[in-house]
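# Reading the structure
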Amino acid sequence: MTAITTSEHHEAGHEEHQDLRVWGLLTFLVSESLMFGGFFATYLFFRGTTAVWPPEGTEVELFIPTINTIILVSSSFVIHFGDMAIKRNSVGWMRFWYFITAIMGAVFLAGQVYEYMNLGYGLTTNVFANCFYLMTGFHGLHVFIGLLLILGVLWRSLRRGHYSDTKHTGIEMAEIYWHFVDIIWIVLFTLVYILNAF
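So, here's what we can say about the structure. The structure presented is a predicted model; accordingly, all values stated were derived computationally and were not measured. (Residues numbered from 1 in each chain as written. Predicted model: local features only at pLDDT ≥ 70, side-chain atom pairs only at ≥ 80, totals over all residues. Heavy atoms only, no water.)

Attention now moves to the environment of Ile176. Tracing the chain through its elements places Ile176 in helix H5 (residues 169–197). Between the C-alpha atoms of Ile176 and Gly57, which are 119 residues apart in sequence, the distance is 38 Å. When near neighbours in sequence (up to four residues on either side) are disregarded, Ile176 contacts Val22, Leu25, Leu26 and Leu29. (Helix = DSSP H or I, 4+ residues; strand = E, 2+ residues; numbered from the N terminus. Contact = heavy atoms within 4.5 Å.)

Further remarks concern the pattern of salt bridges. Throughout the structure, instances matching the rule amount to two salt bridges. With its nearest N and O atoms 3.1 Å apart, the salt bridge here joins Asp83 to Lys87. With a gap of four residues between them, Asp83 and Lys87 both fall in helix H2 (residues 63–87), about one helical turn apart. For Lys87, the salt bridge is made with Glu172, and the minimal N-O distance between the two is 3.2 Å. (Salt bridge = Lys/Arg side-chain N within 4 Å of Asp/Glu carboxyl O.)

This part is about the packing of helix H4 (residues 127–156) against H5. Look at H4 against H5: their axes get within 10 Å of each other, and the N-to-C directions meet at 160°. As far as their axial angle goes, H5 and H4 are roughly antiparallel. Of the two elements, H4 crosses H5, and the hand of that crossing is left-handed. Taken together, the residues of the contact of H4 with H5 break down into 20 nonpolar, six polar and no charged. (Axes fitted to C-alpha atoms, helices over the stretch in contact; angles between N-to-C directions. Parallel < 35°, antiparallel > 145°, perpendicular 65-115°, else oblique. Left-handed = near helix turned anticlockwise from the far one by under 90°. Nonpolar A, V, L, I, M, F, W, Y, C, P; charged D, E, K, R; others polar.)

With an omega of -10°, the peptide bond running from Trp53 to Pro54 counts as cis. With respect to the element layout, Pro54 can be found in the loop between helix H1 (2–49) and H2. Unusually for a residue other than glycine, Asn89 sits at a positive phi of about 65°. Tracing the backbone shows Asn89 in the loop between H2 and helix H3 (91–117). Residue classification places Asn89 among the partly exposed residues on the basis of a relative accessible area of 43%. (Buried < 20%, exposed > 50% of the residue type's maximum accessible area, 1.4 Å probe, protein only.)

Turning to the side chain of Asn196, a few remarks are in order. Within the secondary structure, Asn196 is located in helix H5. By relative accessible area, Asn196 is classed as buried at 16%. At 2.7 Å, the side chain of Asn196 and the backbone oxygen of Val192 are in polar contact. (Polar contact = N/O pair within 3.5 Å; in protein donor to acceptor, adjacent residues only side chain to side chain.)

What follows is the structure in structure tokens.
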């Protein structure tokens, strides 16, 4: 009787620990949102107080960023398919959808590098370029971290029984983080690209 009670108590404690990890992630994402909010507020301040924005010679083009946006936003749906798969206890399909998400994230980063290489201006050209590289680069860093989390999920899924329909906190945390990255990009894309293109 004591052994059973101890075992049940241990399992209950383990479940509570998993919930705390999710809350920890959410707290971290709130702090990151505040940081991005500061970047966005600074950008809008400079935009509102500068006569010509963006300054001549530092215009943005929409083609590559629009493709990147479609890829990143679509990847949110793809990663959710992986979460749905593990809740049906299908590790194989979870791996498939997370692998596709990883490819989409890598393509996004490659597109961002290509864009940087063809812009014709650098970090210190003017205040717009400084804001542009700081915000898009910081977001790119978050995409890279998200990509590492997804690859970590794929690596751990190779261990038999590591993930199942009742044990998938790590998968959900990677998905939450990836959705956060996508939401931030939508705001950034609107401020930096859409508003400056029209």
